[in-house]
Every structure is written in structure tokens, then in C-alpha cells.
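# A closer look at the structure
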Amino acid sequence: MLFSTLASFLNLRLVGEDLELDSMNELALASPSQLTFAVHKKYSSQLSSSKAKAFLIPGDLVDFLPQNASYIVCDDVSISMALSTKLFAPKPISFELPHAIIGEGSFIDEMAKLENGAIIGANVTVMAGAYIGSNVRIKDNTIIYPNVTIYRDCVIGADCFIHSGTVIGADGFGFSHTKAGEHIKIYQNGNVIIEDEVEIGANCAIDRAVFNSTIIKKGTKLDNFIHIAHNCEIGEYCIFVAQTGIGGSTKLGRNCVVSGQSAFSDHLDIAAFSTFTARSGVTKSIKESGGVYSGYPLMDHREWRRLQSKISQLNS
Amino acid sequence: MLFSTLASFLNLRLVGEDLELDSMNELALASPSQLTFAVHKKYSSQLSSSKAKAFLIPGDLVDFLPQNASYIVCDDVSISMALSTKLFAPKPISFELPHAIIGEGSFIDEMAKLENGAIIGANVTVMAGAYIGSNVRIKDNTIIYPNVTIYRDCVIGADCFIHSGTVIGADGFGFSHTKAGEHIKIYQNGNVIIEDEVEIGANCAIDRAVFNSTIIKKGTKLDNFIHIAHNCEIGEYCIFVAQTGIGGSTKLGRNCVVSGQSAFSDHLDIAAFSTFTARSGVTKSIKESGGVYSGYPLMDHREWRRLQSKISQLNS
Amino acid sequence: MLFSTLASFLNLRLVGEDLELDSMNELALASPSQLTFAVHKKYSSQLSSSKAKAFLIPGDLVDFLPQNASYIVCDDVSISMALSTKLFAPKPISFELPHAIIGEGSFIDEMAKLENGAIIGANVTVMAGAYIGSNVRIKDNTIIYPNVTIYRDCVIGADCFIHSGTVIGADGFGFSHTKAGEHIKIYQNGNVIIEDEVEIGANCAIDRAVFNSTIIKKGTKLDNFIHIAHNCEIGEYCIFVAQTGIGGSTKLGRNCVVSGQSAFSDHLDIAAFSTFTARSGVTKSIKESGGVYSGYPLMDHREWRRLQSKISQLNS
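Residues numbered from 1 in each chain as written. Chains lettered and ligands numbered in written order. Predicted model: local features only at pLDDT ≥ 70, side-chain atom pairs only at ≥ 80, totals over all residues.

This next bit is on the overall build of chain A. The secondary structure content of chain A amounts to four helices and 36 strands. For chain A, the spread of C-alpha atoms along the principal axes amounts to about 65 × 60 × 35 Å. The buried share among the 316 residues of chain A stands at 55%. When contacts within chain A are restricted to residue pairs at least 6 apart in sequence, long-range pairs at least 24 apart make up 23% of them. (Helix = DSSP H or I, 4+ residues; strand = E, 2+ residues; numbered from the N terminus. Buried ≥ 20, exposed ≤ 12 C-beta atoms within 10 Å, placed from the backbone. Contact = placed C-beta atoms within 7 Å.)

Below, the structure is given as C-alpha cells:
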């Protein structure tokens, strides 16, 4: 899309050369063909060193733009950004793509739906009621149980088990908020990548990224009712017990073990080999690997046990 | 149905004129063509002023009936009421209704199911595996993602996004309990109304009302795994973060923000612009708008932070 | 399968007579035609009295085997056991079974999937998008709402309501862990048995047993988002409120009432007529029936209320 078309849509003025843009991305990752944005002065240095050429910015950041940048000054960058995501959003279905390709030895139930552009590896099983969206890729030997939904553009590795009711690639939960209290949808234009040997239980939900990918790495196992928000990155060989939720953009290192009904805030960075007992509520990043944690607010597991004993003494 | 037919079904005696009844409702809302009931003396004044003409009551409430009422005296009104709901329950599917009507520009995947009596607006997308029940209405521009289920008689507004795995209109969780410890189903004969510009994440469940409607008002946004019980009323522009549950008949005012894994008891009334941090457990109504709350038992957020600090000092 | 075939697959040596084995089971329950295993010296007396004839054991348990046993000595019995479950796992679909049998007066939507070998009773309703796996049995009068998934070999009683999005019989969450930190899938070769008059809300997940059955007994009612792990046994007339989870192999007696967002650890034994208030976290068995409990760690409900009052005084 032309940057000038976007400017017209936003009813704002484009400054600089018009550009052909293929997508959007966050400031740190945007390439020259991507629209990006800065909402706040704290991003001024990132802005200066950005490889992008097309920007949505507030007026007080104009001086920090890289040379030859094209830009739109916005009253409320967050709202303009949200509105722009709509223009770059793919349709729910791409009918114009070529027919799905199905590898040797694979079984696709006639009551499963394969949208165009899907690529299915060898010896894959897709059972009745499963939905495989446009451009989805599923690698060898994976089993997709009945009534699984995989939204467009997602990638599922080899030797995975995806159990019924699980939804991979639904929109992440992202909105910009107007002063009147309305919520403007930030279209979620990224995808989900599930690596090899991942097992996902029944009725899980792994949201697609706003830009780029939500990633679940090799060998990780999810029980039922696991919520993974947009842009999370879950390391290799992690274990998540039922009814646990992970907030947006949070990253866990390899071999973390998370017991049932736990929750993580967004934008955390959790060291590998961390263990969390049931109902842990994690609100801060963890730098040192190998710890065992409990409680909300979270603390060292032994400390939590001691504290519970102290609390129970209040009643004596 | 004739009131006398119901009396025969319950094996109880009808006193007064026989009446044609079209449905059931709670005492405060019942019209002259609806069956209603009072379980307890505390409803005696509501009973006297009721517009209904057909009642299930215990023996000690006969004197409080409005003039010319027809009634059945029940040993256990709650059980008789539950049994009666079955007689008024519509079948899961109404085959006899006219074919679904589909508005201009709408796309209904051939692997989606539209029951008879459904009315689909313009530019609606219904993807594969979605189920649209008898008499369901979906307004313009809404997207129903794959494997969504919308039970009969529910209404979905315009410009909504309903993500995969979400179930709208399943039975609310209501039973009457016998002295022997069995649970008699109260059929849930109401519906769900979702207003315009609502987004509902993956694998949510919004239960239908026992009578009347469960309502989610304009512009509200639900993350994944949100549980809304029967007869809730959620105000405009609310936000619910993942894995939160709302008990039956609870009402929230507009622009409430509820963070993840929170829970509300039933029959609460929550003031507009209330904010709840993660894992709030709300058991009492809130009258004053604009507060920020935390914890279970719930308290003011700043108080909760102070309390957590005091608790952690127990360990020193 | 021949025990010698299994030994070749594991690349280990079979000692004793070769045997035809039809399945696997835990030590206490295994029959002469089943493979069983002992991971640890603490099972030595169970081992001696086992009716099984085929064993996976560590070297230090050889002397405790019953007479004439055939066995494989394993470096890591847990890993060998997990690998063996794969050989006994049925395929996701048994195409070779006879066509499904459907009882009189039953309605199976043409957009529901019935695998071969399914047996449907009289007056059953199976709505669009439902999946009924190979060998599944559904008894009279039960309603299966749209987009329900019932995995192979499960049994659903008479007069049940299974609401949309619910998944019955997905794999329990079981893995053996290598020293390198990988997780080896324990195939879940059991099933789920739902007895008569059970109602299961929307988007629940009841996992199949690893061996034998996960059981939900007569008249029990589940709200939405209930997680029942593998090998649980839920007594008659229990009530589970939304978003509650039960860990593997836990047993509850009849008429337990569990409020919302509660959780139970695995391998517990809970006495009948126990009541748990919202967010109970149950980590120990309960022997005495009729108690009311709250909190995590769990305690008597009155004690919990007193404790909350004491805790709140810390802030004064």
C-alpha cells in the first residue's frame, strides 16, 4: 500500500516521499518496506537508528527521525497505529490462493476444512471438524484432532499432537483506547509458530502475534485450557499444567515447569529451568535460572511455605 | 400451554380459572401470559403487586396472591418450578421454521451450519464449522470464526468479532435440589444478546438466561476463556482479560476493566468505571464508580499493596 | 502383541517365556494378558502378588517377581513404559469397524461425524459439528450439542446434556522425562465413562485415562470450563462451578459441591458431601465427610473466615 493512501485513510498529512509499504512492525524490528511508529519520547534514540523509512509519530519526535524519513504527525499515535493495522490486515480467508497441497500418506477427513494455500506434510492426520486456514503449514506426522481451529498463516511443526477444541492463531487482545473510552481494535497481523514435538491439550488458545510471531518451541507440552497471549515465546521442553495463562510478549526459557492455574503478566523474561508451583502469579522477570517459586505475589518456594505457616499462626 | 396441563404434569391441583401460558418469568417481570412463582414469604409483597395471573406458591403465600389469581400450591416450589421449565423449553432445533435469510455480500461457508429461522445481515462472514442455531440473528459486518457455536434464539450485533471455540447461549448452570441430593435441571429458556462492536476471544462461554436475556453491551471486549454466566448484564466498553469468570445475574456498569483470572460472585451490582487487578475475587456489590480493587477478599488496590507488604514482613 | 516384539522395539532383552499381550495396566490391576511395570523398590510386595505375567522392571526388583514371570530389565523403567504405551495405542480412527448403529428416534445431523463402531441409543440428538469417535457409545435421550468432541472408546450415559465445545476423552497429560530434559509421551490408552443424568457445560475437558477409565458418576453437574484430568473418579450428584480443575487420579465421593476456580492436586481421595468455597486449593485427601472448606492452603471454612479477618487487621 502507498503511504499516501494510508495518510488519506487517517485523514492526516504525509510529509516526505511517498513509499510502497507491505506491512507494519514495531520500531526495533521494522524494515524499509514496513510502516512503524513511536508513541513516546522515550523511543527517540530507537527512532533515530531505525531502518524503517515510514513513521507515525507525535509532533515532538520529528527531530529524532532518521534522514530522508517519510512520516505522518498524529495527535494520538496509538489510535492512528490501531487504525492503520486494519489496512494491512489480511482477509480471514484468501480464496485466490492455489488449492491446498497434501503430502503422502496424510489423511484429511472430508469433514475437515482446508483453505487454499495450506501445505500439509506427509503422514499428517486432520480429523473431522478441524479447520486449517489459508496458508497454514503443517509438517510431517502431526495429528490434528477434531474441532481444532488453526487460523491463517500459522505453522505447526512435525510430530505434534493438537487436541480438540484448541484454537491456534486467534487475534491477540490488543486495543487502543480513545478519550471517550472506546476501544479501537489493533488488527493482529502476525502468526503463531509451533515447533516440532509439541503437544497441546484440549481447549487451549494460542493467540497470533500483532506483528511477527508467537512461538512455542520444540518439545514443549501444554495441558488443557492453556492461554498463551500474542507475541509470547515459550522455550524448548517447557511444561504447562492446566488452566495457566501467559500474558502478551512474555518469554520463558527452556525447560520451565508451570503448575496449574498459574499466571504470568505481560512483557516478562523468565530464565530457563524455572519451576512454578500451582497458582503462581508471576509479575516480574526472573534472571537466574533453576529457581522454584510460589504464590502471588511470587516468592521463593521455601519462603512461601514458611510464610504460609506464619500466616496460619495468626489464627492461634 | 394450558395451566391445567402443567398441573397434571406436576400431579398437583390447579386452583382458579384455567389459563393459556406462553412462557415463565421471575415474579418481578412476569406478564399476564407468563407462569411465575414465589418460593418464600419474603416475596409476599412482590407477589401481591405482580401482573402475572398464574402462580406456583407454597401454602403460606395463598393470602398474598393478587385478586383472581390462578395458582398451584406446591410442597417444594423450587422443584415444581424446575420441572415446569422443561415444559416451556424449546427444542434444540426448530426444523419447522422457514429457511435462513442471508443478507447481501455475506459469506457462509458450506461447512458452516445455519439452522432454519436464522437471519444473517449484510457482509457477514460465517466460517467453516460454525453453528448458527434456530432463530439466531447476526447483524451486519460481523465475523464468526470457525467452530464458534451460537445456540438458538441468540442475537449478535453488527461489527462483532466472535473467535473460534466460543460458545454463546449454552444453558446457564441452574438446578433445584431434592432432599435426596439429586439436582433437577432448570431449563434455560432465555437467550443471549451481544450488542454491536463487541469482540469475543477464543474459547469463551456466554450462557443463555434462565428467563429473559444475558446481555453484553456495545463495544465490550473479551479476551480468551471468559465465562459469563446466565442473566449477567455487562455494560458498554468493558474489558475482560483472560480466564475471568462472572457469576449469574451479576451486572457491571460501563467501562469496567477486569484483569486476568478474576472472578465475580452471582447477583452483584458493580459501578461503572471500576477497575480490578489480576485475580480479583469480587463477592460484594460496588456502588461508587471509579475505584481500583485487588485481592480476594477484595479491597482497595492501595490497601491491598500495603497489606501484601505487611504480610511479607511476617517472614522476617 | 508378542512380548518379544516389544523387547525388540525397546532394544532390550526379554527374559522368560514369550507371551501374547493385549494391553498395559498398572501393577495393582494388571491381568495375565497385560504388560505391567514397577518403577521402584517400594512396589516390591505388589510385584510379588501381581496376577500379571509380563513385567518391565529395574534390575533390583528381579527377585520380587512372581514365579514364571517374563520380564525386561530396564535402565529407566519410566521411559521404557512410556515407549511401550505407544505400541499398544489404538489409532485415532478405526476405519475397519462396522458402520455406526443408531437407535430409534435419534437425530444425527448430517454435519456431525460418526466414526465406525459408534453405537447410539434411542432418542439421542447429535447436533452439527459434533464428533463421535470410533467405538463410542451414547445411551438413550442424551443431547450432544454442536461442536462437542468425544474421542474413541468413550461411553456417555442416558439422559445427559453435553454442551458445545466440550471435549471428552482427549489424552491425559502424562510424560516420562529423560535426563536430557525431554518429555516422552505416555499414550493414554484408557477411556472416559460418563454415567446417566450428567450435565456438562460448555468448553469442558474430561481427559481419558492412561489405563482403565476416567469416570463421572450419575447425576453429577459440571458448569463451563471444568478440567477433569485422567483417571479421576467423580462421585454421584456432585456439583462443579465454572473454571475448576481436578488433578489426575483424584477421587471425589458423592454430593461434593465445588465452587468456581477451585483446584485439586492429583491422587487425592475426597470424602462424600464435602463442600469447597470459591478458589479452594485442595492438596490433601479428606477423610471425614460433610466438611466445608476454603482457601489455599485449604482449611475449614470458619477458620478461613477468621483468618481473613486477622489478616486484614495487619493493615490497621
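Right, let's talk about the sheet that holds strand β34 (residues 281–282) of chain A for a bit. Spatially, nine strands are ordered β8-β11-β14-β17-β22-β25-β28-β31-β34 (chain A) in an open sheet, and the strand pairing comes out parallel. Edge strands, defined here as strands with exactly one partner in the open sheet, are β8 (113–114) and β34 of chain A. (Pairing = 2+ DSSP bridges.)

As a further point, take the relation of the copies chain C and chain A. Superposing chain C onto chain A takes a rotation of 120° plus a shift of 0.0 Å along the axis, which leaves an RMSD of 0.0 Å. Expressed as an axis order, the relation between the two copies is that of a three-fold axis. In this assembly the copies use different faces: only 20% of the residues contributing to the interface of chain C also contribute to that of chain A. (Least-squares fit on C-alpha atoms with pLDDT ≥ 70 in both.)

Facing the 30 residues of chain C at the interface are 34 residues of chain A. Residue assignment for the side of chain C that touches chain A shows that the elements contributing at least two residues are β17 (167–171), β19 (183–185) and α4 (301–313) of chain C. With five residues, α4(C) is the single largest residue contributor to the side of chain C that touches chain A. Across the side of chain C that touches chain A, the residue classes break down as 13 nonpolar, ten polar and seven charged. (Nonpolar A, V, L, I, M, F, W, Y, C, P; charged D, E, K, R; others polar.)

This part takes up the packing of helix α1 (residues 3–10) of chain B against helix α3 (residues 77–88) of chain B. All names here are of chain B. Put simply, α1 and α3 touch, their axes get as near as 10 Å, and they point 120° apart. Between α1 and α3, the angle is such that the two are oblique. For the crossing formed where α1 meets α3, the hand is right-handed. Facing L6, F9 and L10 of α1, the residues of α3 in contact are S80, L83, S84 and L87. For the contact of α1 with α3, a count of residues per class yields five nonpolar, two polar and no charged. (Axes fitted to C-alpha atoms, helices over the stretch in contact; angles between N-to-C directions. Parallel < 35°, antiparallel > 145°, perpendicular 65-115°, else oblique. Left-handed = near helix turned anticlockwise from the far one by under 90°.)

So, on to the relation of the copies chain C and chain B. Aligned on chain B, chain C shows an RMSD of 0.0 Å; the corresponding rotation is 120° and the shift along the axis is 0.0 Å. Mapped onto chain B, only 17% of the interface residues of chain C again fall at the interface, so the copies present different surfaces.

Residues and elements named next belong to chain C. Sheet topology places strand β1 (residues 14–15) next to strand β5 (residues 70–73); two bridges connect them, and they run antiparallel. What sits directly across from V15, in β5, is Y71. With four bridges joining them, strand β4 (residues 54–57) and β5 adopt parallel strand pairing. Each bridged residue has a counterpart across the sheet, and for I57 the counterpart in β5 is V73.

Right, let's talk about the environment of B:L47 for a bit. Residue and element names in this part refer to chain B. Relative to the elements of secondary structure, L47 occurs in helix α2 (residues 44–48). By C-beta crowding, L47 is classed as buried, having 23 other C-beta atoms within 10 Å. Those residues in contact with L47, other than ones at most four positions away along the chain, are L27, A38, L61, F64 and L65.

Before going further, it helps to examine the interface of chain C and chain B. Chain C puts 35 residues into the contact, and the matching count from chain B is 30 residues. Looking at side-chain class alone, the side of chain C that touches chain B contains 15 nonpolar, 16 polar and four charged residues.

It is worth spelling out unusual backbone geometry at this point. A:P297 follows A:Y296 through a cis peptide bond whose omega is 5°. Examined against the element boundaries, A:P297 turns out to sit in the loop between β35 (292–294) and β36 (299–300). We note that A:N147 has phi near 60°; this positive angle belongs to a residue other than glycine. If you check the backbone angles, C:D153 has positive phi at about 75° while not being a glycine. With respect to the helices and strands, the residue C:D153 is situated in the loop between β14 (149–150) and β15 (155–156).

Here the focus is the confidence of the model for chain A. Per-residue confidence for chain A averages 97 on the pLDDT scale, and 100% of its residues sit at or above 70. Across the predicted assembly, pTM comes out at 0.98 and ipTM at 0.97. (pLDDT = per-residue confidence, 0-100.)

Bridge count for strand β20 (residues 191–194) of chain B against strand β23 (residues 213–216) of chain B is four bridges, and the pairing is parallel. Bridge pairing in β23(B) links B:V192 to B:T214.

What follows concerns the environment of A:N25. All names here are of chain A. Take N25: it is sitting in the loop between β2 (23–24) and β3 (34–37). In the structure, N25 is positioned twelve residues away from F37 in sequence and 8.2 Å away in space, judged by C-alpha atoms. Among residues more than four places away in sequence, those in contact with N25 are A30, Q34, T36 and F211.

On to the domain arrangement of chain A. Residues and elements named next belong to chain A. When the domains of chain A are assigned, the result is domain 1 (3–88) and domain 2 (101–303). The C-alpha centroid of domain 2 is placed 30 Å from the C-alpha centroid of domain 1. Facing the 13 residues of domain 1 at the interface are nine residues of domain 2. Going through the elements one at a time, β2 and α3 (77–88) are the ones with two or more residues in the side of domain 1 that touches domain 2. The biggest single contributor to the side of domain 1 that touches domain 2 is α3, with eight residues. Class assignment for the residues of the side of domain 1 that touches domain 2 results in seven nonpolar, four polar and two charged. (Domains from an automatic or database assignment.)

As a further point, take the sheet that holds strand β13 (residues 143–144) of chain B. Sheets are built from strands that pair by backbone hydrogen bonding, the pairs being arranged parallel or antiparallel. Residue and element names in this part refer to chain B. Strand order across the open sheet formed by eleven strands is β7-β10-β13-β16-β21-β24-β27-β30-β33-β35-β36, with mixed pairing between neighbours. In the strand order of this sheet, the two ends are held by β7 (107–108) and β36 (299–300), each with one partner. In terms of strand pairing, strand β33 (residues 275–276) meets strand β35 (residues 292–294) through two bridges, oriented parallel. Bridging across to β35, T275 finds its partner in V292.

Glancing now at the environment of A:K218. All names here are of chain A. Within the element layout of this structure, K218 appears in the loop between β23 (213–216) and β24 (221–222). Here K218 falls in the partly exposed class, since 18 other C-beta atoms lie within 10 Å of it. Sequence separation between K218 and H267 is 49 residues, and the spatial gap between their C-alpha atoms is 22 Å. K218 has contacts with E195, D196, E197 and E236, leaving out every residue within four places of it along the chain.

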